[in-house]
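# Coordinates in review
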Amino acid sequence: MSAAPALEVVGLAKSFGGLRVIEGLSFSVRRGERLALIGPNGAGKTTAFNLITGVYLPDAGRILLEGEEITTLASRLRIRKGLARTFQNIRLMPHLSVLENVMIAQYARSPGLRGMLQPVGLTRTNRWREEARAALAEAGLEASAEDEAGSLPYGVQKRIELVRALMAQPRVLLLDEPAAGLNAAETEELQRALGAIARRGVTLVVVEHDMQFVAGLCERVVVLNFGCKIADCAVGEIHNDAGVREAYLGSEAGEIALDAA
Amino acid sequence: MSGYLESLLVLLSINVILAYAAFLPMAAGQLNLGVAAFVAIGAYSGAYLSNAYGVHPVPAALAASAIAGGLGWIVAFPILRTRGIYLALATFALNQVVQGTILNLNVVGGASGYPVPAHIGFPVIAAFALIAVMLVFVLFHTRFGISVTAASDDERVADLMGLSVRGLQSAAFTGGAVLAGLAGALYAHHFNYIEVQNYGVLFSIYIVLYVLLGGTQTVYGPILGAAVFTLLPELLRGSAAWRYVIFALLIIAIMSLRPQGVVTGALLRRLLGWRRAAAGAA
Amino acid sequence: MIEQQIVNGIMLGSVYALVAVAFTLAIGVLNFLNFSIPGLFMLGGMVTWYVLKAGFAWPIAALLAIATGGLMSLVVERFTYRLMRKSSHFVPLVTSMAFLILLENIVLVTWGSDLQRVEVPFATVSIRLGHIVVAVPQLIGLALAIAAVACLDVVLKRTRIGRGLRTIAEDPDTATLLGVPVGRIVPVVFLIGGLFTALASFLFSVNYQQASPFMGEEVALKGISAMVLGGMGNIWGAILGGLLIGVIETFSIHWFGARAVDIWVYGLLLTILFVRPTGLLGGTAPGPARM
């Protein structure tokens with residue numbers, strides 16, 4: 001008998017000042033699955049992420065993480081439950097070093113006063129520092145550990161954000177346009193890295209425009225348009241779906257992208 | 001030790017405590033123009049405890065800092081719902097209200113000032129300053145240090161990464177109030193006379209300015225700021241007003257040329273790098 | 001009785017109103033809390049006292065005070081907003097505070113800390129309206145304040161400079177893109193603020209016959225409360241806020257004594273910030289993190 005889905009949203013709805021941004025959105029993601037969330041600009045993909053992570057409270061609907069209801073759970077508590085994310089525009093802390101940026105996400109694993117007072121900065125061999133350093137080394141970023149996060153190249157910062165999100169040891173990882181702005185080599189590297197992460201059992205939900213990337217990484221696709229789900233199928237089948245074609249129609253890049261998938 | 005030197009070191013000690021009282025909220029992104037209010041609360045409650053109840057000045061000072069901290073914690077609830085300029089304005093308003101309230105408390109002298117016979121000598125004050133500085137140093141080398149900077153840099157993302165931004169801000173604000181109260185009570189019991197007129201927003205401004213001079217990016221900046229503010233005027237003799245003219249010009253110059261203050265994260269990393277290199281070569 | 005108190009309050013309030021306009025202009029257009037304004041106020045008042053003491057006629061004193069305020073405000077602009085807009089957002093605020101300290105202490109060094117009595121070279125004429133007495137200079141002050149704001153309103157709405165200011169208020173970067181000569185217009189904000197503040201301090205010193213190095217702290221700082229009460233960024237709000245604060249102060253002195261004023265004026269500020277930060281007339285609320 002299968003366990004509860006890693007992530008499930010049921011009938012999510014959200015309006016901003018009269019404008020319906022998300023309407024009746026429902027989908028679920030199995031454990032270890034790689035799901036892509038695609039759709040034209042403005043379809044509501046990042047809003048969906050914001051609802052799932054608790055930046056906004058939904059007007060209606062439910063959100064369940066591994067069977068547990070988190071619909072109204074405070075946003076800062078969701079990462080403790082195993083839900084982490086990266087951001088469309090890189091959001092690293094400019095006044096912290098790369099290492100410190102990555103260490104921020106460790107708090108979720110040892111929260112409370114005790115966790116806050118861990119002497120992570122007193123000794124060089126503190127276990128949290130070592131763990132963060134090792135994670136950076138695994139991503140090939142150890143040399144930048146003491147650098148100011150904001151001074152590094154775009155591609156490097158994106159990788160740091162990923163390491164930071166993984167530091168919380170999430171079971172579900174939301175990635176908002178992880179391949180945006182990366183060149184071909186970086187994109188391929190990212191695909192490989194995410195594949196490895198998924199094989200370790202982390203469930204991935206990826207918002208992306210790069211359909212080749214999606215096809216190479218994800219098994220299933222949920223398509224949004226105007227805040228509603230218009231398709232939910234295996235990645236190989238989307239170009240057959242009429243609704244999806246219509247949503248992307250009029251955008252030559254969209255058609256080409258669809259055919260490439 | 002000469003009386004003059006001792007006075008100077010006492011002032012330095014108190015200014016260092018004040019520096020960290022302002023630094024804590026500023027590290028959390030709050031420009032606290034109400035520091036002087038908590039100094040006043042500490043000074044007057046400490047003085048009242050030793051005057052009216054005969055409490056020994058040292059426990060009185062500790063109790064005073066607890067009172068200031070407690071009030072700071074309570075006030076933090078509404079104040080921390082504001083942000084940026086509104087927060088600065090709210091702390092400014094708080095400062096004036098507290099000053100105005102004490103002005104009307106005849107039981108502690110009101111507008112005439114309040115004499116404080118009980119005395120705390122230099123060694124005790126220096127000890128307090130040392131302990132306070134060490135506590136702040138240790139605190140900022142725990143996860144609290146990076147968390148508070150993260151919350152100040154990007155509240156939204158810090159929250160999504162699991163940090164309690166409100167909790168951090170409240171802790172910083174309250175901690176600042178505790179230190180401010182301690183400084184106030186120590187001053188009251190050393191110089192044996194306090195006047196509420198000295199605790200207006202301009203006093204908060206002086207403290208904030210010399211902390212910014214030292215730099216708020218690291219935990220070492222405030223000490224430098226306090227040292228410059230206390231010792232520089234001694235090097236350039238002159239009336240008190242001239243010292244502040246020079247101080248103001250210095251601030252304007254620093255803010256034009258190096259607004260992040262003298263001690264920055266980058267500077268520190270470079271200095272530590274040299275030390276490591278020297279140790280490696282040795 | 002009450003009507004007299006209200007009138008007294010309004011007269012006092014016209015001073016607060018002018019200062020509040022200076023504050024609100026800087027906040028509305030530049031998102032900048034200009035803490036040097038109380039310093040300019042003090043400077044204008046001390047210049048008024050000094051010039052009158054030296055025996056000059058009051059128009060000369062007025063002119064010199066206002067000119068000083070204007071000139072000093074341009075110096076402040078040069079070292080706060082212009083130099084620092086690119087770096088951290090609170091730097092201009094902090095530097096303006098340094099200017100307040102600088103001005104106050106320069107005056108302390110030059111003239112000492114005493115409260116100076118301002119000798120007014122004309123007899124104070126009062127008129128009676130029913131059982132209310134109003135000093136004519138105060139009435140003129142009120143009229144000037146309202147007239148000045150009305151002119152400013154026209155400038156903001158009908159002139160090219162005004163349009164430039166409003167564009168900058170929307171978004172300084174867009175303004176540059178749209179060809180607004182930001183570098184030439186921003187000093188205008190400071191200049192107007194300085195002139196208004198100096199006018200206020202001239203009126204205050206002449207009507208209340210006092211000036212001191214601390215008058216910035218004691219009087220002009222309340223202009224912040226007036227600004228917020230009326231609505232940040234709204235110049236008519238500044239007038240309304242100023243007059244209200246004047247009335248509140250007068251009544252609080254009447255009922256609770258002079259020492260209680262700060263509790264009322266700043267308690268009100270604190271309350272507004274918690275309850276309705278946009279103030280009475282709404283007004284543009286600055287961005288949450290900017291100063």
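Being a predicted model, the structure only gives us computed values, none of them experimental.

### Thoughts on the overall build of chain C
Looking only at helices and strands, chain C has 13 helices and 4 strands in total. Relative to a compact globule of 291 residues, whose C-alpha radius of gyration would be 19 Å, chain C shows 18 Å and is just as compact. The principal-axis extent of the C-alpha atoms belonging to chain C is close to 55 × 40 × 35 Å. Counting every position in chain C, which comprises 291 residues, the buried fraction comes to 56%. Of all intrachain contacts in chain C linking residues separated by at least 6 positions in sequence, the fraction that spans at least 24 positions is 78%.

### Considering the sheet that holds strand β8 (residues 203-207) of chain A
All names here are of chain A. Reading across from one edge, β6-β7-β8-β3-β9-β10 is the order of the 6 strands in this open sheet, with mixed pairing throughout. Single-partner strands in this sheet number two, and they are β6 (83-85) and β10 (228-234). The average angle at which neighbouring strand axes cross in this sheet is 20 degrees, direction not considered. Bridge count for strand β7 (residues 172-176) against β8 is 5 bridges, and the pairing is parallel. Considered in β8, the bridge of D176 is made with V207.

### Side note on helix α13 (residues 261-275) of chain C
Its 15 residues place the ends of α13(C) 21 Å apart at the C-alpha level, agreeing with the 21 Å of an ideal helix rising 1.5 Å per residue. Counting buried positions along α13(C) yields 11 of 15 residues, so the element is predominantly enclosed. Buried within α13(C) are the following residues: C:V261, C:D262, C:W264, C:V265, C:Y266, C:G267, C:L268, C:L269, C:L270, C:I272 and C:L273. On the buried face of α13(C), the contacting elements are α4 (84-103) of chain B together with α11 (222-230) and α12 (235-256) of chain C.

### Describing helix α1 (residues 2-30) of chain C
Residue and element names in this part refer to chain C. Relative to the 42 Å expected for 29 residues at 1.5 Å per residue, α1 spans 40 Å between its end C-alpha atoms, a close match to the ideal helical length. Along α1, the sharpest kink reaches roughly 30 degrees, centred on G13. Across the 29 residues that make up α1, a large majority, 23, are buried. Immediately beyond the C-terminal end of α1, within one or two residues, lies N31, with a positive phi of roughly 60 degrees.

### Digging into the interface of chain C and chain B
The partner chain B presents 37 residues to the 37 residues of chain C that form the contact. Taken together, the elements giving at least two residues each to the side of chain C that touches chain B come down to α4 (81-84), α5 (91-111), α11 and α13 of chain C. Ranked by residues supplied to the side of chain C that touches chain B, first place goes to α5(C) with 11 residues. The residue makeup of the side of chain C that touches chain B, split by class, is 28 nonpolar, 5 polar and 4 charged.

### Topic: the arrangement of the chains
Most contacts, compared over the 2 pairs of chains touching, are made between chains B and C. With respect to C-alpha atoms, chain A approaches chain C no nearer than 12 Å, and the pair has no contact.

### Observations regarding the environment of A:S144
All names here are of chain A. Here S144 lies in the loop between α5 (127-138) and α6 (154-167). A residue is classified by how many C-beta atoms lie within 10 Å of it, and S144, with 21 of them, is buried. Ignoring sequence-local partners within four residues, the contact set of S144 consists of V98, L152 and V156.

### Some details on unusual backbone geometry
Phi at A:E177 is positive, roughly 50 degrees, even though this residue is not glycine. Take A:E177: it is sitting in the loop between β7 and α7 (184-199). One non-glycine residue with positive phi stands out, namely B:N192, at about 60 degrees. One can find B:N192 in the loop between α8 (165-191) and β2 (193-194). Judged by C-beta crowding, with 15 C-beta atoms within 10 Å, B:N192 ranks as partly exposed.

### A short note on the environment of B:A183
All names here are of chain B. Mapped onto the elements, A183 comes out in helix α8. When the C-alpha positions of A183 and G109 are compared, they lie 20 Å apart, and in sequence the two are 74 residues distant. With sequence-adjacent residues up to four places away left out, A183 is seen in contact with I14, I17, L18, A21, V39 and G42.

### A few points about the interface of chain A and chain B
Across the boundary between the two partners, chain A contributes 29 residues, which contact 22 residues of chain B. Of all the secondary-structure elements, those providing two or more residues to the side of chain A that touches chain B are α2 (75-78), α3 (98-104) and α4 (112-116) of chain A. Here the side of chain A that touches chain B takes 3 residues from α3(A), the largest share from any one element. When the residues that make up the side of chain A that touches chain B are grouped by side-chain class, the tally is 16 nonpolar, 6 polar and 7 charged.

### A word on the confidence of the model for chain C
Residues and elements named next belong to chain C. On average, residues of chain C carry a pLDDT of 88, and 95% of them reach 70 or more. Under a pLDDT of 50 for its full length, residues 284-291 has, in the predicted model, 28 contacts with residues more than four places off or in other chains. Two numbers describe this predicted complex: its pTM, 0.91, and its ipTM, 0.91.

### What about the packing of helix α2 (residues 35-52) of chain B against helix α3 (residues 57-79) of chain B?
Residues and elements named next belong to chain B. Viewed as axis vectors pointing N to C, α2 and α3 meet at an angle of 140 degrees, and their least axial separation amounts to 8 Å. The orientation of α2 with respect to α3, classified from their angle, is oblique. The handedness of the crossing between α2 and α3 is right-handed. Between α2 and α3, the residues in contact are F38, I41, G42, S45, G46, L49 and S50 and P57, A60, A61, A63, A64, S65, I67, A68, L71 and G72, respectively.

### Observations concerning the pairing of strand β2 (residues 19-29) of chain A
All names here are of chain A. Sheet topology places strand β1 (residues 7-16) next to β2; 7 bridges connect them, and they run antiparallel. From the neighbouring strand, E8 faces β2, where its bridge partner is S28. Hairpin geometry of β1 and β2 is characterised by an intervening segment of 2 residues between the two adjacent antiparallel strands and by a positive phi of about 50 degrees at G17.

### What to know about the sheet that holds β2(A)
Residue and element names in this part refer to chain A. A sheet is described by the order of its strands in space; here 4 strands give the open sequence β2-β1-β4-β5, paired in antiparallel fashion. In this open sheet, the two strands that pair with only one neighbour each are β2 and β5 (68-69). Sitting on the sheet, helix α1 (residues 45-53) is in contact with β1, β2 and β4 (60-65), with an inclination near 70 degrees to β2.

### Considerations on the packing of helix α6 (residues 136-158) of chain C against helix α9 (residues 182-208) of chain C
Residue and element names in this part refer to chain C. Across the interface, α6 lies against α9 with an axial gap of 10 Å and an inter-helix angle of 170 degrees. Judged on the interaxial angle alone, α9 and α6 are roughly antiparallel. Together, P137, Q138, G141, L144, A148 and L152 of α6 and I192, F196, L199, L203, V206 and N207 of α9 make up the contact between the two elements. Along the lines of polarity and charge, the residues of the contact of α6 with α9 split into 9 nonpolar, 3 polar and no charged.

Reading guide: rules and limits
Residues numbered from 1 in each chain as written. Chains lettered and ligands numbered in written order. Predicted model: local features only at pLDDT ≥ 70, side-chain atom pairs only at ≥ 80, totals over all residues. Helix = DSSP H or I, 4+ residues; strand = E, 2+ residues; numbered from the N terminus. Rg over C-alpha atoms; globule rule 2.2 N^0.38 Å. Buried ≥ 20, exposed ≤ 12 C-beta atoms within 10 Å, placed from the backbone. Contact = placed C-beta atoms within 7 Å. Pairing = 2+ DSSP bridges. Axes fitted to C-alpha atoms, helices over the stretch in contact; angles between N-to-C directions. Expected span 1.5 Å × (residues − 1). Bend = angle between axes of the 7 residues up to and from the residue. Nonpolar A, V, L, I, M, F, W, Y, C, P; charged D, E, K, R; others polar. pLDDT = per-residue confidence, 0-100. Parallel < 35°, antiparallel > 145°, perpendicular 65-115°, else oblique. Left-handed = near helix turned anticlockwise from the far one by under 90°.

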